[in-house]
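Descriptive analysis of the structure
Read off the chains here:
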Amino acid sequence: MTMPRRRPGRPRRSESRDTREVVLTAATELFAARGFDAVGLRQVAAAADVDVATVSHHTGTKAQLYDACFARVFVAEREALQAATRAAHDALGTGPAAARKALHDLVDVFVDFLQEHPETTALWLRRWLEPHRHADLDQRYSAPLYELVEELLRAAAAAGALVEPTPHITVRSLVWAVHAHVVALAAGGTSPARERREFRDWMHRFLDGLYWAGQERWAP
């Protein structure tokens, strides 16, 4: 007996979540590599090995798909950072040494996340090449993460653990430094493990010089 063929774009309920994730993974890689204008729904469908109707069913228009890709990486990055920022807040009341270690740990989490998810850097760099387009993405998916860390620095300053008059400048500068690290790794020719270790150490020294220069250096 021949089973009736399902109509395209209407997956079974059990397939729905996995199919959407496959589509978003393929779309994120394409948008990260080529930018918004150079990617069409047919290309996403081909990369995800589904039909165009399935892509549209799960994500809507190309603009909605683009937004969903940023939402996806935002959720993953926020999840990675929230635990580290909570731990840092908890450490503020125990003195500058504990605050220093907590900031080191937070930086390590951020470096690890972007190095393990380089598509996040590539996706944002493509978007920032056209600063006047899709600016709403920054407000929804970038600004909340900046604010998460800026609020931590303000709290650390209020607790007397450090002096930070411009947390928004510091956070953005550190974020761009980590993105540059990921771009350098993408060029190849070096050991990712060694680069991660050396870059982490550099970030620790940078923070120590910025906030605790002249104090006894914390040693793990």
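Each remark here, short or long, concerns the structure printed above.
**Side note on the overall build of the chain**
A tally of helices and strands in the chain yields ten helices and zero strands. Helices and strands appear in the chain in the N-to-C order α-α-α-α-α-α-α-α-α-α. Every one of the 220 residues in the chain was classed for burial, and the buried ones make up 40%. The long-range share in the chain, meaning contacts at least 24 apart out of those at least 6 apart in sequence, stands at 70%.

**Observations regarding the nonpolar core**
Counting 58 residues, the largest nonpolar core has Phe31, Val44, Leu65 and Leu103 as the members making the most contacts within it. Residue contributions to this core peak at eleven residues, all from helix H4 (residues 62–91). If sequence neighbours within four positions are ignored, Leu65 has contacts with Val23, Leu24, Ala27, Phe31, Leu41, Val44, Val55 and Thr59.

**Re helix H2 (residues 41–48)**
The complete set of buried residues in H2 reads Leu41, Val44, Ala45 and Ala48. The arc enclosing the buried residues of H2, seen along the axis, measures out at 100 degrees, which places them on a common side. Exposed residues pointing more than 90 degrees away from the buried face of H2 are listed as Arg42 and Ala46. At the exit of H2 stands Asp49, carrying a positive phi of roughly 60 degrees.

**Observations regarding the environment of Phe31**
With respect to the helices and strands, Phe31 occurs in helix H1 (residues 13–34). Residue Phe31 is classed as buried on the basis of its relative accessible area of 1%. Considered as a pair, Phe31 and Ala122 are 91 residues apart in the sequence and their alpha carbons are 8.5 Å apart. Leaving out residues up to four positions away in the same chain, Phe31 has contacts with Phe36, Val39, Lys62, Leu65, Tyr66, Cys69, Leu123 and Arg126.

**Comments concerning the pattern of salt bridges**
Two side chains that carry opposite charge are able to pair once their charged atoms sit near each other. Enumeration over the complete set of coordinates arrives at 16 salt bridges. Here Arg72 ties to Glu21 by a salt bridge, and the two come within 2.7 Å at their closest N and O atoms. You can see Arg72 sitting in helix H4 and its partner Glu21 sitting in helix H1, a full 51 residues away along the chain. Its relative accessible area of 24% is what places Arg72 among the partly exposed residues. The class for Glu21 is partly exposed, based on a relative accessible area of 38%.

**A closer look at the packing of helix H5 (residues 96–116) against helix H9 (residues 167–186)**
Packing of H5 against H9 leaves a shortest axis separation of 10 Å and a crossing angle of 35 degrees. In terms of crossing hand, the pair formed by H5 and H9 is right-handed. The segment H5 lies against H9, with Phe110, Val111, Leu114 and Gln115 engaging Val175, Val178, His179, His181, Val182 and Leu185. Split by residue class, the contact of H5 with H9 holds seven nonpolar, three polar and no charged.

**What about helix H3 (residues 52–59)?**
Of the positions making up H3, those classed as buried are Thr54, Val55, His58 and Thr59. Down the axis of H3, the buried side of the element spans an arc of 105 degrees, and every buried residue falls inside it. The first or second residue beyond H3 is Gly60, which carries a positive phi of 80 degrees.

**Some remarks on the packing of aromatic side chains**
Tallying each qualifying case throughout the model produces eleven aromatic pairs. With a centroid separation of 6.1 Å and an interplanar angle of 15 degrees, the aromatic rings of Phe31 and Phe36 are classed as stacked. Both residues of the pair, Phe31 and Phe36, count as buried. Seen in terms of ring centroids, Phe199 and Trp202 are 5.8 Å apart; in terms of plane orientation they differ by 25 degrees. Their pairing is stacked. Within this pair, Phe199 and its partner Trp202 are both found in helix H10 (residues 192–211), separated by three residues, close to a single helical turn. What makes Phe199 buried here is its relative accessible area of 13%. Cluster of aromatic residues (ring-pair linked, three or more members): Phe31, Phe36, Tyr66, Phe70, Trp124, Trp128 and Trp176. Directly above the aromatic system of Phe36 lies the positively charged group of Lys62, at a separation of 4.3 Å from the ring centroid. Here the basic side chain of Arg172 rests over the ring of Tyr146, its NZ or CZ set 4.2 Å away from the ring centre.

Cut-offs applied
Chains are numbered independently. Their residues run from 1 in the order of the written sequence. Confidence filtering applies because this is a predicted model: local features only for residues at pLDDT of at least 70, side-chain atom pairs given and counted only at 80 or more, and all residues used for totals across whole chains, interfaces and linings. By convention in this description, side-chain values take in all heavy atoms of the structure and omit both hydrogens and water. For helices the rule is a DSSP run of H or I covering at least 4 residues; for strands it is a run of E covering at least 2, with both sets numbered from the N terminus onward. In this scheme, a residue with accessible area under 20% of its type's maximum is buried, one over 50% is exposed, and one in between is partly exposed, where area comes from a 1.4 Å probe on protein chains only. Two residues qualify as a contact provided that any one of their heavy atoms is within 4.5 Å of a heavy atom in the partner residue. As used in this record, nonpolar core signifies buried Ala, Val, Leu, Ile, Met, Phe, Trp, Tyr and Cys residues forming a set joined through side-chain atoms within 4.5 Å. This arc corresponds to the set of directions leading from the helix axis out to the C-beta atoms. Definition used for salt bridges: Asp or Glu carboxyl oxygen within 4 Å of a side-chain nitrogen of Lys or Arg. In this analysis an axis means a line fitted to C-alpha atoms, helices contributing only their contacting stretch, and an angle means the value between N-to-C directions, from 0 to 180 degrees. Working rule for handedness: look at the near helix, and if it is turned counterclockwise from the far one by less than a right angle, call the crossing left-handed; if clockwise, right-handed. Side-chain classes follow a simple rule in which Ala, Val, Leu, Ile, Met, Phe, Trp, Tyr, Cys and Pro form the nonpolar group, Asp, Glu, Lys and Arg form the charged group, and the remainder, Gly included, forms the polar group. Between rings of Phe, Tyr and Trp, where Trp is taken as its six-membered ring, a pair exists when centres lie within 6.5 Å; planes separated by under 30 degrees are stacked, by over 60 edge-to-face, and by other angles tilted. We call a charge positioned above a ring when the Lys NZ or Arg CZ atom is no farther than 6 Å from the ring centre and deviates by at most 35 degrees from the ring normal.

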